[in-house]
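Okay, here's what each chain looks like letter by letter:
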Amino acid sequence: MIKRLRTNPLLVGIFSLFLVSLLLVGCGTTEGDESETETTETEAVEETDSTEKIEKEADVVVVGAGGAGLSAAVEAQKLGNTVVVIEKMPQIGGNTIYAGSAYNSATPEEQDDLDMSADELETIESYLDMESDEELVKEWQESVRADIEEYKAEGANYLYDSPDFHKLQTYFGGDQVAKPQLVDILANNALEGREFLSSLGTEWQDTVNAAVGATWRRSFTPTAKYGPAGADFVLPQHEYLEENDTDIMVNSKVDTIIMDDGRAVGVSGVNEDGQEFEVTANKSVIVATGGFGANVDMRQKYNKHWDNLDESIATSNQVGATGDGIVMAEEIDASLIDLEWIQLIPTYGKGVWTAYIENQFYINNEGNRFVKEDGRRDELSNAILQQPDAELYIISDANTVVDGVTLNGRNVDENIDNEFSFKADTIEELAEMIDVPVENLEQSIESFNKGVNTGDDEFGRSVFDQEFGKAPFYAGLTSPMVHHTMGGIEINENAEVLDEEGNVIEGLFAAGEVTGGIHGANRLGGNAIADITVFGRIAGQNAGK
Ligand code: ADP
């Protein structure tokens, strides 16, 4: 049984106001907080000489203030370094602040409150037979095999998990394209990454869920103390940096990594006033500029696996996700890998309020289920693209939307709009609202409930929680959107950037969505936040040494 910890609506309200204010007036960074003085100073500079270059220096220079950049900055700062964070948008947070709020980490002592079905056990065993030439992968398989033998011998029925099983699902879930050494680090350090966030203030719900495309119930959700969506993955780090007087330059777009004799020694760019800036790094530069989901040209240039990723396909990304770090890295001959792998998220947008699938199912616009909802994101998106009008309705009841609010703090009841989001007291009413034959919707509910009650689902789904049928009922309309770019700058286990010959580029680190090699051909839902936190921290620790 899943336990629920209610979100404090007041905090949600505060966050909404915060988010609006971020969007309207820029973030509450060290600079933003002193906006009056800062503006006056900036204007004074402009009046005297708008061409004067801003010059700064710090031990560590971080480019990009999303989850990876902010985690890196905190770690570098903790080591006693001076740190400058440079962000091109008016606000911090990047794509991370809009994330679906799921953080994957194998945490058996919290997962073993849940029961494991026979289907789930079969799922684990299926990974033990998958073939790989990689020694590391074979080691993960052996460790999980030993655990499962013991599990069966005990006659246990709790939900099994371990970092090694997380690795197997990440690696095979990305079609063995990722670098096993990076997958190893991701899963080994995911829990510690959550503890790092906790140490800065993030609090966690007392539940374990499966995010869309997570393929296992190991997704943890913050309490939305800092706000809904991804707020709790960036605002705690931001608060820490502010308290420690870190210089966070917003509205400042970096366009060049400055090299000297093969070493990265700083960055330069232009701010919103057209003023050039140059920040010298005494120790290192960290590139944490995120992916290129909002850059249609780059999508079209690298895409090999989708029919079309032009502007007709929407994106879940913020406008600043334009792949700048990848372009800058290419200019200095850094190695770029896996760029062809671009993720479409099946469930994002105005009709979607939660990242979790246990108590939801999907229908097409004829009212029929068509896919196992706990599958991979690429499988789900492909299946949706083949449905009439390439759209789906996500069907939920009061097990997902509890008193109008979802687990990750979204108030659905206040956002029912009859264009994308629908709420009804009966199934008949809901079917009428979304214009699907009621008998088809009823048949879909029956199909879902059979899976819940027998574990034998007609589409092969194995992740379930409660029987569907608790009013009110909800439907959310959406279509797949460009969400995550799996490829990017190649790094090693220390988050050091590699060149095209595989050598380390001195003084240069990268972390987060700008990197490649961690997720392979498909990223598991809930793995991105773990990735950016784990590798952001590693980059910050090594850059600040
Ligand atoms: P991650 O999840 O990897 O941290 P995010 O998308 O959350 O990625 O954050 C990346 C941040 O980098 C965004 O806030 C984005 O606006 C910023 N950014 C992107 N390009 C530049 C650039 N050229 N200069 C400064 N900041 C940038």
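What you are looking at is a predicted structure, and each value in this text was computed from that prediction instead of being measured. (Residues numbered from 1 in each chain as written. Predicted model: local features only at pLDDT ≥ 70, side-chain atom pairs only at ≥ 80, totals over all residues. Heavy atoms only, no water.)

**Quick notes on the pairing of strand β7 (residues 263-271)**
Each regular strand carries side chains that alternate between the two faces of the sheet. What counts here: Between any two strands, at least two bridges found by DSSP are needed for them to pair. Helix and strand definitions follow DSSP, with helices as H or I runs of at least four residues and strands as E runs of at least two, each counted in order from the N terminus.
Summarising the sheet, strand β6 (residues 252-260) and β7 pair through eight bridges and their orientation is antiparallel. Residue pairing for β7: Asp260 is matched across the bridge by Arg263. Between β6 and β7, which pair antiparallel and follow one another directly, the connecting turn spans two residues, one of which, Asp261, has a positive phi of 55°. Where β7 and strand β8 (residues 276-287) come together, five bridges link them in antiparallel fashion. Its bridge partner being in β8, Ser268 is matched across the sheet by Glu278. Following β7, the chain reverses through four residues before pairing antiparallel with β8; Gly274 in that reversal takes a positive phi of roughly 80°.

**Digging into the nonpolar core**
Put simply, the rule is: For our purposes a nonpolar core is just a set of buried Ala, Val, Leu, Ile, Met, Phe, Trp, Tyr and Cys residues, chained together by side-chain atoms within 4.5 Å. Buried means the residue's accessible area, taken with a 1.4 Å probe over protein chains only, is under 20% of the maximum for its type, while exposed means over 50%, and partly exposed covers the values in between. The contact criterion used is simple: two residues touch if any of their non-hydrogen atoms lie within 4.5 Å.
Ile86, Tyr103, Leu508 and Phe535 are the most contacted members of the largest nonpolar core, which has 105 residues in total. Setting aside residues up to four positions removed in sequence, Leu508 forms contacts with Ile257, Ala264, Val285, Val287, Ile332, Ala495, Glu496 and Val497. Residues Ile395, Phe422, Ile445 and Ala475 belong to the second largest nonpolar core, which totals 19 residues.

**Quick look at the sheet that holds strand β9 (residues 336-337)**
Spatial ordering of the open sheet is given by β9-β16-β19, a layout of three strands whose pairing is mixed. The strands lining the two open edges of the sheet, one partner per strand, are β9 and β19 (515-516).

**Quick look at the packing of helix α9 (residues 180-200) against helix α10 (residues 235-243)**
To be explicit about the condition: The angle between two axes is taken between their N-to-C directions and runs from 0 to 180 degrees, where each axis is a line fitted to C-alpha atoms and a helix contributes only its stretch in contact. Here is the rule for angles: anything less than 35 degrees is roughly parallel, anything more than 145 is roughly antiparallel, 65 through 115 is roughly perpendicular, and the remaining ranges are oblique. Here is the rule for handedness: rotate from the far helix to the near one, and if that takes an anticlockwise turn smaller than a right angle the crossing is left-handed, while a clockwise turn gives right-handed. We call Asp, Glu, Lys and Arg charged. Ala, Val, Leu, Ile, Met, Phe, Trp, Tyr, Cys and Pro are nonpolar, and the rest, Gly among them, are polar.
At a minimum axis separation of 9 Å, α9 and α10 run at an interaxial angle of 55°. Judged on the interaxial angle alone, α10 and α9 are oblique. Seen along the crossing, α9 lies across α10 with a hand that is left-handed. Touching Phe196, Leu197 and Leu200 of α9 are Pro236, Gln237 and Tyr240, all from α10. The residue inventory of the contact of α9 with α10, partitioned by class, reads five nonpolar, one polar and no charged.

**Considerations on the pattern of salt bridges**
Defined as follows: By definition here, a salt bridge exists when the distance from a side-chain nitrogen of Lys or Arg to a carboxyl oxygen of Asp or Glu is within 4 Å.
Using the criterion set out here, one finds 25 salt bridges in the structure. Here Glu142 makes a salt bridge to Arg145, at a shortest N to O gap of 3.4 Å. Here the residue Glu142 and the residue Arg145 both occupy positions in helix α7 (residues 135-154), the gap between them amounting to three residues, near one helical turn. What makes Glu142 partly exposed here is its relative accessible area of 46%. Residue Arg145 is classed as partly exposed on the basis of its relative accessible area, which comes to 28%. Across the pair Asp164 and Lys167 runs a salt bridge whose closest N-O atoms are separated by 2.7 Å.

**Notes on α7**
Spelled out, the test is: How far a helix is expected to stretch is found by multiplying one less than its residue total by 1.5 Å. What the arc covers is the set of directions going from the helix axis to the C-beta atoms.
Over its 20 residues, α7 extends 29 Å from the first C-alpha to the last, a length consistent with the 28 Å expected when each residue adds 1.5 Å. Along α7, the positions that sit buried rather than exposed are Val137, Trp140, Gln141, Val144, Ile148 and Tyr151. The buried residues of α7 occupy an angular sector of 95° when projected down its axis, which confines them to one face. Projecting away from the buried face of α7 at angles above 90 degrees are the exposed residues Glu135, Glu149, Glu150 and Ala153. In this structure, the buried residues of α7 make contact with α6 (118-128), α8 (163-172) and α9. Looking at the residues trailing α7, positive phi occurs at Gly155, about 70°.

**Remarks on the packing of aromatic side chains**
The test is simple: When the centres of two rings from Phe, Tyr and Trp lie within 6.5 Å, Trp using its six-membered ring, the rings pair. Their planes under 30 degrees apart give stacked, over 60 give edge-to-face, and anything left gives tilted. Two thresholds decide whether a charge sits over a ring: the Lys NZ or Arg CZ must be within 6 Å of the ring centre and within 35 degrees of the ring normal.
As enumerated under the stated definition, the model contains 18 aromatic pairs in all. Between Phe361 and Phe468 the ring centres are 5.1 Å apart and the planes differ by 70°, which places this aromatic pair in the edge-to-face class. In this pair, Phe361 sits in strand β11 (residues 361-363) while Phe468 sits in the loop between α15 (438-454) and β14 (473-478), placing the two residues 107 residues apart along the sequence. No difference in accessibility class separates Phe361 from Phe468, as the two residues are buried. Through a chain of ring-to-ring contacts, the aromatic side chains of Tyr127, Trp140, Tyr160, Phe165, Tyr171, Phe172 and Trp216 assemble into a single cluster. Across the ring face of Trp204, the terminal group of Arg194 is positioned such that the distance to the ring centre comes to 4.9 Å.

**So, the environment of Val504**
Secondary-structure assignment places Val504 in strand β18 (residues 504-510). Linking Val504 and Thr202, residues 302 residues apart in sequence, is a C-alpha distance of 34 Å. Beyond its immediate stretch of four places on either side in the chain, Val504 contacts Asn492, Glu496, Val497 and Leu498.

**Description of a negative patch on the surface**
Filter applied, for reference: By definition, no residue in a patch forms a salt bridge, and every one has over 30% relative accessible area; like charges are joined within 9 Å, nonpolar side chains (Val, Leu, Ile, Met, Phe, Trp, Tyr) within 5 Å. Computed with the Shrake-Rupley method and a 1.4 Å probe, the accessible areas treat only the protein chains shown as cover for residues. Positive residues here are Lys and Arg, negative ones are Asp and Glu, while His and the chain termini are left out of the count. Where a charge lies is defined by one atom per residue type, namely NZ (Lys), CZ (Arg), CG (Asp) and CD (Glu).
A grouping of Asp425, Glu428, Glu429, Glu432, Asp435, Glu439, Glu442 and Glu446 is seen on the molecular surface, where their side chains present a negatively charged patch. Taken together, the elements giving at least two residues each to the negative patch come down to α14 (427-434) and α15. Checked against the element boundaries, Glu439 lands in helix α15.

**Comments concerning the confidence of the model for the chain**
Atom-level detail of predicted coordinates should not be read off regions where pLDDT is low. Keep this limit in mind: Looking at any residue, its pLDDT shows the predictor's confidence there, from 0 to 100.
Across the chain, pLDDT averages 90, with 91% of residues at or above 70. pLDDT under 50 marks residues 1-48. Its contacts with residues more than four places away, or in other chains, come to 74 contacts.

**Some points on the pairing of β18**
With five of seven residues buried, β18 lies mostly within the body of the structure. Direction of pairing for β8 relative to β18: parallel, over a ladder of three bridges. Looking at β18, one finds that Ile286 is bridged to Phe509. Sheet topology note: the strand β17 (residues 496-498)/β18 ladder contains two bridges and is antiparallel. In the strand pairing of β18, Leu498 is matched with Val504. The loop that links β17 with its antiparallel partner β18 comprises five residues; one of these, Gly502, has a positive phi angle of about 90°.

**Digging into the side chain of Glu373**
For the record, the criterion: The definition of a polar contact used here is a pair of N or O atoms within 3.5 Å, where within protein one atom must be able to donate a hydrogen and the other to accept one, and adjacent residues in sequence count solely through side-chain atom pairs.
Within the fold, Glu373 resides in the loop between β11 and α13 (377-385). The buried category is assigned to Glu373, whose relative accessible area is 0%. Looking at Glu373, its side chain comes within polar contact range of the side chain of Arg461, at 3.1 Å. Beyond its immediate sequence surroundings of up to four residues, Glu373 is in contact with Ile357, Gln360, Phe361, Tyr362, Leu380 and Arg461.

**Details of the site of the ligand**
Heads up, the condition is: By convention in these notes, a residue is near a molecule or strand provided one of its non-hydrogen atoms lies within 4 Å of it.
Around the ligand, 27 residues are found, and the nearest of them are Glu87, Thr96, Val254, Asp324 and Glu513. One nitrogen or oxygen atom from the main chain of Ala68 is found 2.9 Å from an oxygen atom belonging to the ligand. Every element with two or more residues in the shell around the ligand is listed here: α4 (67-78), β6 and α12 (324-331). Here the residues of the shell around the ligand are counted per class, giving nine nonpolar, 13 polar and five charged.

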